Amino acid sequence: MSTPSGPGSPPEDTPAAAVRRRPSLPFDPIEAAAGLWSQHWGDVPRMRAVTSLMRVHQLVLTELDERLRPLGLTFARYEVLVLLSFSRRGALPLGKIGERLQVHATSVTPLVKRLEAAELIRRTPHPEDGRAVLASITPAGRELVERATEVVMAVRFGLGSLSDEQCDDLTELLTPPREAAGDFEV
């Protein structure tokens, strides 16, 4: 798809250019949904907020997945590698990975299998728990985490349109619902 360039257009290799190449809707779907929602139910502000949150989640995830694809990663697989690279021993039980990433154990297994097939992690029996399996990051996995992190940071985590202050404000706004859901102990 050809994109217009000229004054005011972002350079072709920026995240904004990648987002611009996606087809845009001729209307704001959240505002359209809010108008319809208000005709049937109440609490439009929360409906708009949660729908906006979910839509931004999808847009950011799509952006990060597209940027990581040339490295053979998705954002989910990248998260597993980062988590393992942050662990003291470079290894965690699969159940702990699911718990930390807030995904069901059955979702962790395919991620780990793909990373293992790419020789980015190894799976081994847990030395103290015969029922558990450890995932350990390999040197190739550590090297790829560095390269992938450069990519993620170059696109500013998919939130390049927000200032640092706006990112801090967003984090602060999202903390109470996380606390209320029991995401972490206060």
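Residues numbered from 1 in each chain as written. Predicted model: local features only at pLDDT ≥ 70, side-chain atom pairs only at ≥ 80, totals over all residues. Heavy atoms only, no water.

A.B. asks: Explain the overall build of the chain here, please?
C.D. replies: Along the chain, the regular secondary structure elements total eight helices and three strands. Sequence-ordered secondary structure for the chain, helices as α and strands as β, is α-α-α-α-β-α-α-β-β-α-α. Taken over 186 residues, the chain has a buried fraction of 26%. Of all intrachain contacts in the chain linking residues separated by at least 6 positions in sequence, the fraction that spans at least 24 positions is 48%. With the model as given, the accessible surface of the chain reaches about 12700 Å², and the carbon-plus-sulfur share is 57%. (Helix = DSSP H or I, 4+ residues; strand = E, 2+ residues; numbered from the N terminus. Buried < 20%, exposed > 50% of the residue type's maximum accessible area, 1.4 Å probe, protein only. Contact = heavy atoms within 4.5 Å. Areas by Shrake-Rupley, 256 points an atom, 1.4 Å probe, with all protein chains shown as cover.)

A.B. asks: Any chance you could explain the sheet that holds strand S2 (residues 121-125) here in plain terms?
C.D. replies: In any sheet, the strands associate via hydrogen bonds between backbone groups, in a parallel or an antiparallel arrangement. An order of S1-S3-S2 is seen for the three strands of this open sheet, with the pairing classed as antiparallel. Bordering the open sheet on either side are strand S1 (91-93) and S2, each of which pairs with just one other strand. Ignoring strand direction, the axes of neighbouring strands in this sheet form an average angle of 25°. Where S2 lies against strand S3 (residues 133-137), five bridges are found, and the strand directions are antiparallel. Each residue of the ladder has a partner; that of Pro-125, found in S3, is Val-133. (Pairing = 2+ DSSP bridges. Axes fitted to C-alpha atoms, helices over the stretch in contact; angles between N-to-C directions.)

A.B. asks: Whenever I open this one, the confidence of the model for the chain confuses me. Can you help?
C.D. replies: Detail in the predicted coordinates should be disregarded across regions flagged by low pLDDT. Taken residue by residue, the chain gives an average pLDDT of 89. The fraction at 70 or more is 89%. Helix H1 (residues 15-21) is the least confidently modelled element of the chain, averaging 52 in pLDDT, while helix H7 (residues 139-154) averages 98, the highest of any element. Every residue in residues 1-10 is under pLDDT 50, and counting partners more than four places away or in other chains gives 12 contacts. (pLDDT = per-residue confidence, 0-100.)

A.B. asks: Where do I start with the packing of aromatic side chains in this structure?
C.D. replies: Describing an aromatic ring pair means giving the distance of the ring centres and the angle of the ring planes. This model, assessed by the stated rule, comprises two aromatic pairs. Taking 4.6 Å as the distance between ring centres and 50° as the angle between the ring planes, the aromatic pair formed by Trp-37 and Trp-41 counts as tilted. A relative accessible area of 53% places Trp-41 in the exposed class. Relative to Tyr-78, the ring of Phe-75 lies with its centre 5.7 Å away and its plane at 40°, an arrangement referred to as tilted. Taken together, the positions of Phe-75 and Tyr-78, both in helix H4 (residues 75-86) and three residues apart, correspond to about one turn of that helix. Looking at Phe-75, the relative accessible area reads 18%, which means it is buried. Under the relative-accessibility criterion, Tyr-78 is labelled buried at 8%. (Phe/Tyr/Trp six-rings, centres within 6.5 Å; stacked < 30°, edge-to-face > 60°.)

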